[in-house]
Amino acid sequence: MTIREMLEQEEDARLSALAVRARDTRGRVTPVEPCTIRTDFQRDRDRIIHCKSFRRLKFKTQVFLAPEGDHYRTRLTHTLEVAQVARTLARALRLNEDLTEAIALGHDLGHTPFGHIGERTLDELMPQGFRHNEQSLRVVETLENEGRGLNLCAEVRDGILCHSGKQAPRTLEGECVRRADRIAYLNHDLDDALRGGVLQPFELPQDCLKVLGETHGERINTMILDIVSNSQEQPHLRMSPVVESAMDGLREFMFERVYRDSWRAAEEARCDYVVKALFRYYMEHPGEMPDEFMLIGYQEGTERAVCDYISCMTDRYAIRAFQHLFMPSGFPNF
């Protein structure tokens, strides 16, 4: 018996009947020889961690654009916090933690430079629209590994696609990530807004804090415990009406005071300008993109190739590309 087979037996003994067993995966587009020491979902987690798109997350915006402080979140630290919350939920509910972690680590691979600002701009520029969850799926299916994709299991791909938007995940593990994403961003974005002076503690909605807690840790703990206590052996994850209402109230407050407030307007306009300028330039000069994106242009059209190229950029890469293309470089020293 291999180590992988022993792990699969452990899953049978430990997991809820509602969990997805690795041996029951709906499989990959291209079948591969089973690993002797890792289950299929463990293997997918490793493939995501080692891919280039995952490494680029450290230089992509969460909420604060190019923050100077060392403690503000980036898209990478957001991803790690989502994975931690999602694993905690999965473990408590006896779901497949490996599947949950793989989905969580891959859920934002398709995010643009400048966070949701870049996403909004590409959505305006692309006739068919642009949504980061769909782009994340495209990354793992098409763009990574020099155009071959990561060949992930169907359950992981479904969870990545359905972590946001109207379509619900097909697995409870995917639901864990969907819930964890909201728990993580609400709490860490609030934490960053307080650190950055965008919000003051006395401004926070007291009716929400009375239910959720006064501190960052208390709020996360309340949300997790509420989901766990209301979701044991249930076909879907649930929250109590009281906690869900408080969480929705906090989310509305964050959209009003942080995500859409006027303090971001000037920076958002600059980011929007950079993305649009890059898009126009590469539409007119597709031959200046790297070869892999030129190939996409031949196969799927220039618009698709330019969108893929820009969405893959980190904040600093997009800024440098803009400076290189549109800013004077100065005179040489004489």
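This write-up is about the structure you can find in this document. What you are looking at is a predicted structure, and each value in this text was computed from that prediction instead of being measured. (Residues numbered from 1 in each chain as written. Predicted model: local features only at pLDDT ≥ 70, side-chain atom pairs only at ≥ 80, totals over all residues. Heavy atoms only, no water.)

## Structural notes on the side chain of R157
Our working definition: Secondary structure elements follow DSSP: runs of H or I no shorter than four residues count as helices, runs of E no shorter than two count as strands, and numbering proceeds from the N terminus. Burial classes follow relative accessibility: with a 1.4 Å probe on protein chains only, a residue under 20% of its type's maximum area counts as buried, one over 50% as exposed, and anything between as partly exposed. Residues are treated as being in contact if the distance between any of their heavy atoms lies within 4.5 Å.
Take R157: it is sitting in helix α8 (residues 154–161). Judged by relative accessible area, R157 falls into the buried class, the value being 16%. Beyond its immediate stretch of four places on either side in the chain, R157 contacts G27, R28, V29, L137, E141 and L152.

## Observations regarding the nonpolar core
For clarity, the threshold we go by: Throughout this description, the term nonpolar core refers to a set of buried Ala, Val, Leu, Ile, Met, Phe, Trp, Tyr and Cys residues connected via side-chain atoms within 4.5 Å.
Among the nonpolar cores identified, the biggest contains 92 residues, and V156, L278 and Y282 are the most heavily contacted of them. Ranked by the residues each element gives to this core, the list is headed by helix α9 (residues 172–195), at 10 residues. In this view, V156 contacts F41, D44, I48, L99, A102 and I103; residues no more than four positions away in its chain are not counted.

## Some words on a positive patch on the surface
To be explicit about the condition: A patch consists of residues exposed above 30% relative accessible area that lack any salt bridge, with like charges linked at up to 9 Å and nonpolar side chains (Val, Leu, Ile, Met, Phe, Trp, Tyr) linked at up to 5 Å. Working definition of accessibility: Shrake-Rupley area with a 1.4 Å probe, residue cover restricted to the visible protein chains. Each salt bridge in this description consists of a side-chain nitrogen of Lys or Arg and a carboxyl oxygen of Asp or Glu lying within 4 Å of one another. All tallies of charge rest on Lys and Arg as positive and Asp and Glu as negative; His and the ends of each chain are not included. By convention, charge coordinates are those of NZ in Lys, CZ in Arg, CG in Asp, or CD in Glu.
On the surface, a cluster of positive charge is made up of K52, R55, K58, R316 and R320. For the positive patch, the secondary-structure elements that each account for two or more residues are α3 (52–56) and α16 (315–326). As for its position among the elements, R316 is in helix α16. You can call R316 partly exposed: its relative accessible area is 39%.

## Notes on α8
Taking burial as the measure, the 8 residues of α8 include 7 buried ones, the bulk of the element. Of all the residues in α8, the buried ones are A154, E155, V156, R157, D158, G159 and I160. Buried positions along α8 lie against α2 (40–49), α5 (97–106) and α7 (132–143).

## Some remarks on unusual backbone geometry
Its identity as a non-glycine residue notwithstanding, N145 has a phi of 60°, on the positive side. Following the sequence through the fold, N145 ends up in the loop between α7 and α8. Under the relative-accessibility criterion, N145 is labelled partly exposed at 34%. Located in the positive-phi region is N151, a residue other than glycine, with phi close to 55°. Within the fold, N151 resides in the loop between α7 and α8.

## Description of the packing of helix α13 (residues 265–284) against helix α15 (residues 302–312)
Applied cut-off: Angles shown run from 0 to 180 degrees and are taken between the N-to-C directions of axes, each axis being a line fitted to C-alpha atoms and, for helices, limited to the stretch in contact. Angle categories: roughly parallel below 35 degrees, roughly antiparallel above 145, roughly perpendicular from 65 to 115, and oblique for all the rest. Handedness of each helix crossing follows the sense of rotation of the near helix against the far helix: counterclockwise by less than a right angle gives left-handed, clockwise gives right-handed. For this classification, the nonpolar set comprises Ala, Val, Leu, Ile, Met, Phe, Trp, Tyr, Cys and Pro, the charged set comprises Asp, Glu, Lys and Arg, and every other residue, Gly included, is treated as polar.
Look at α13 against α15: their axes get within 10 Å of each other, and the N-to-C directions meet at 140°. As the angle between them shows, α13 and α15 are arranged oblique. The two elements α13 and α15 meet at a crossing, and its hand is right-handed. Two secondary-structure elements touch here, α13 through V275, L278, F279, Y282 and M283 and α15 through T302, E303, V306, C307, Y309 and I310. Split by residue class, the contact of α13 with α15 holds 9 nonpolar, 1 polar and 1 charged.

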